[in-house]
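If you want the building blocks of each chain, they are given just below.
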Amino acid sequence: MKVLVIGPGGREHALIRALAADPYVTDLHCAPGNAGISRDVSTHEIDAQDPAAVVALARELGSDLVVVGPEAPLAAGVSDALIAAEIPVFGPTRAAAQLEASKAFAKNVMAEAGVPTAMAKVATNTEEAADALDTFGAPYVVKDDGLAAGKGVVVTSDRAEALAHAETCFEAGGTVVIEEFLDGPEVSLFVICDGTHAVPLAPAQDFKRIFDNDEGPNTGGMGAYSPLPWLPAGFVDEVMERVAYPTLRDMESRGTPFTGVLYCGLAITSRGIRVIEFNARFGDPETQAVLARLKTPLGGLLLAAAKGELDDAEQLRWRPETAVGVVMAAANYPDAPVKGAVISGLADAEAIEDVSVLHAGTTSNESGDVIVSGGRVLAVVGLGADLHAARDKAYAGVGAISWDGAQHRTDIALKAANGQISVSEGTN
């Protein structure tokens, strides 16, 4: 099977590594890729948001499957163009990708499907935003209605800060969704869908704030781990029954069946499971941790979904180890990342047993050095018998790598490793 992966980041590098381990995948390409991906497979410099360019490359390569990684190409209609060209694609159509591209649309779907989620109001101006903030009270949750690469959400107890974020979105021509705050730990669950059937992957938890102890501004994600030893029994089954399948049925009834990854961002609140958000693709950095443990061949699974041949009853096989991924970011991320620094120690980190280094914001210079080219630069993933062992591996890898201004959190999965996460016995 010949597979083409679309995207430039850490999620795509994780997909490449997992697909390369699939014995049925005989030819693997990525467009546009990054410095790390280009060391693993052939990469192609195209505009990933240009549907015609993606179709042309897939035809040139004779691709049996195209896997679309990021949200922007989905919103640009890349999957639609591939479907029209009769090339199997794993990734929803533009209409179905509205589950991520528009939070207001997602809220409407959840309301119709009876999916438990936070109460919310859509605001189009300052007056409406102020009214919604006062309705729900602090902590305030303000979300840009459109795509914002994981950084369009502000959660704050400062009403002025919340209102200022809303006004920034209005000035850019957008709208906002203002929600009630959801208490309790968060969980990410990726569900592989073929429009009708669905298979869940292992749950993960990510860390969105830039600094330790969940302080500082939101980022695209500073680390993740999987599985979650503190999850209550039956959690995944409940999410599938109350969230994933009702959403799939509603999308199908609208004439926009969802094929791809339904990313369920969840909170386990004192009142039970609530959906925080949907995404229409694999999450980053959770994918790096989740796929590090997957034993079931990924290519066959994604092709079955793309062709509408997914088997609900399929039981995925997983490595017994725990995975912890730590993101290394550029100086001054997430505001204005400093680019151009030369990265050292990559080979030393990769040489550590049970450590893998997945590239995100990297490129190569004329001398062949790997240099920083984005905000989130690398994800270092460690595998271990438990969370403590996996953390030790991941941070050993982080310690081997350096560049000017590199930053990372030191507490990824620490509370879980120390048994400090508690789950309310909620209902509904």
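This one's a predicted model, so the numbers in the text were calculated from it and none came from an experiment. (Residues numbered from 1 in each chain as written. Predicted model: local features only at pLDDT ≥ 70, side-chain atom pairs only at ≥ 80, totals over all residues. Heavy atoms only, no water.)

Here a ring pair, both rings aromatic, is described through the centre-centre distance and the interplanar angle of the planes. Under the definition given, this model contains 4 aromatic pairs. Aromatic side chains Phe190 and Tyr263 sit 5.4 Å apart centroid to centroid with 45 degrees between the ring planes, which places their arrangement in the tilted category. Residue Phe190 is located in strand β10 (residues 186-194), and its partner Tyr263 is located in strand β16 (residues 259-269); the two are separated by 73 residues in the primary sequence. Tyr263 sits in the buried class, given a relative accessible area of 4%. Members of the aromatic cluster, connected to one another through ring pairs, are Phe90, Phe190, Tyr263 and Phe282. (Phe/Tyr/Trp six-rings, centres within 6.5 Å; stacked < 30°, edge-to-face > 60°. Helix = DSSP H or I, 4+ residues; strand = E, 2+ residues; numbered from the N terminus. Buried < 20%, exposed > 50% of the residue type's maximum accessible area, 1.4 Å probe, protein only.)

Inspection of the secondary structure assignment puts Gln288 in helix α11 (residues 286-291). The buried category is assigned to Gln288, whose relative accessible area is 3%. For Gln288, the side chain forms a polar contact with the side chain of Asp284, separated by 2.9 Å. Ignoring anything within four residues of it in the chain, the contact list for Gln288 reads Gly10, Arg11, Ala14, Gly283, Leu358, Ala379 and Val381. (Polar contact = N/O pair within 3.5 Å; in protein donor to acceptor, adjacent residues only side chain to side chain. Contact = heavy atoms within 4.5 Å.)

Side-chain pairs of opposite charge can arise whenever the charged atoms involved come near each other. Counted by the stated rule, this structure contains 19 salt bridges. Its salt-bridge partner being Glu180, residue Arg271 comes within 3.3 Å of it at the nearest N-O pair. You can see Arg271 sitting in the loop between β16 and β17 (272-279) and its partner Glu180 sitting in the loop between β9 (176-179) and β10, a full 91 residues away along the chain. In this structure, the salt-bridge partner of Glu186 is Lys208, at a minimum N-O distance of 3.6 Å. Of this pair, Glu186 sits in strand β10 while Lys208 sits in the loop between β12 (205-206) and β13 (209-211), and the two are 22 residues apart along the sequence. Residue classification places Lys208 among the partly exposed residues on the basis of a relative accessible area of 25%. Taken together, the shared-partner salt bridges connect Arg17, Asp40 and Glu350 into one network. (Salt bridge = Lys/Arg side-chain N within 4 Å of Asp/Glu carboxyl O.)

To continue, consider the sheet that holds strand β3 (residues 42-43). The strand order across the open sheet built from 5 strands is β3-β2-β1-β4-β5, with neighbouring strands paired in parallel fashion. Two strands in the sheet have a free side with no partner beyond their single neighbour: β3 and β5 (89-90). As defined by bridge partners, strand β2 (residues 27-32) adjoins β3 across 2 bridges and the pair is classed as parallel. When the sheet's bridge partners are listed, His29 is paired in β3 with Ser42. Along the sheet, helix α3 (residues 51-61) makes contact with β1 (2-7), β2 and β4 (65-68), crossing β1 at roughly 155 degrees. Packing against the sheet, helix α12 (residues 298-306) makes contact with β4 and β5, and its axis sits at approximately 95 degrees to β4. (Pairing = 2+ DSSP bridges. Axes fitted to C-alpha atoms, helices over the stretch in contact; angles between N-to-C directions.)

With that settled, the discussion passes to unusual backbone geometry. Cis geometry marks the peptide bond from Ser226 to Pro227, where omega comes out at 0 degrees. Mapping Pro227 onto the fold places it in the loop between β15 (223-226) and α10 (235-253). Cis rather than trans, the peptide bond between Asp284 and Pro285 has omega equal to 25 degrees. With respect to the helices and strands, Pro285 occurs in the loop between β17 and α11. For Asn213, which is not glycine, the phi dihedral falls at a positive 60 degrees. Relative to the assigned elements, Asn213 resides in the loop between β13 and β14 (215-218). In this structure, Asp354 is a non-glycine residue whose phi angle is positive, near 65 degrees.

Turning our attention to the environment of Leu346. Secondary-structure assignment places Leu346 in helix α13 (residues 346-350). In this structure Leu346 comes out as buried when scored by relative accessible area, which is 12%. Taking the C-alpha atoms as reference, Leu346 lies 31 Å from Ser63; in sequence the two are 283 residues apart. The contact partners of Leu346, leaving out residues within four places of it in the chain, are Val357, His359, Val370, Leu378 and Ile401.

This part covers α12. Extensive coverage of α12 is indicated by the burial of 7 of its 9 residues. Looking at the buried positions of α12, the neighbouring elements they touch are α1 (10-20), β4, β5, β10, β16 and α11. Of the residues flanking the end of α12, it is Gly308, one or two places downstream, whose phi is positive at about 75 degrees.

This brings us to the side chain of Glu179. With respect to the helices and strands, the residue Glu179 is situated in strand β9. Within the structure, the side chain of Glu179 is placed 3.3 Å from the side chain of Lys143, a separation counted as a polar contact. Those residues in contact with Glu179 that sit more than four places away from it in its chain are Lys107, Ala118, Met119, Ala120, Phe136, Val141, Lys143 and Ile276.

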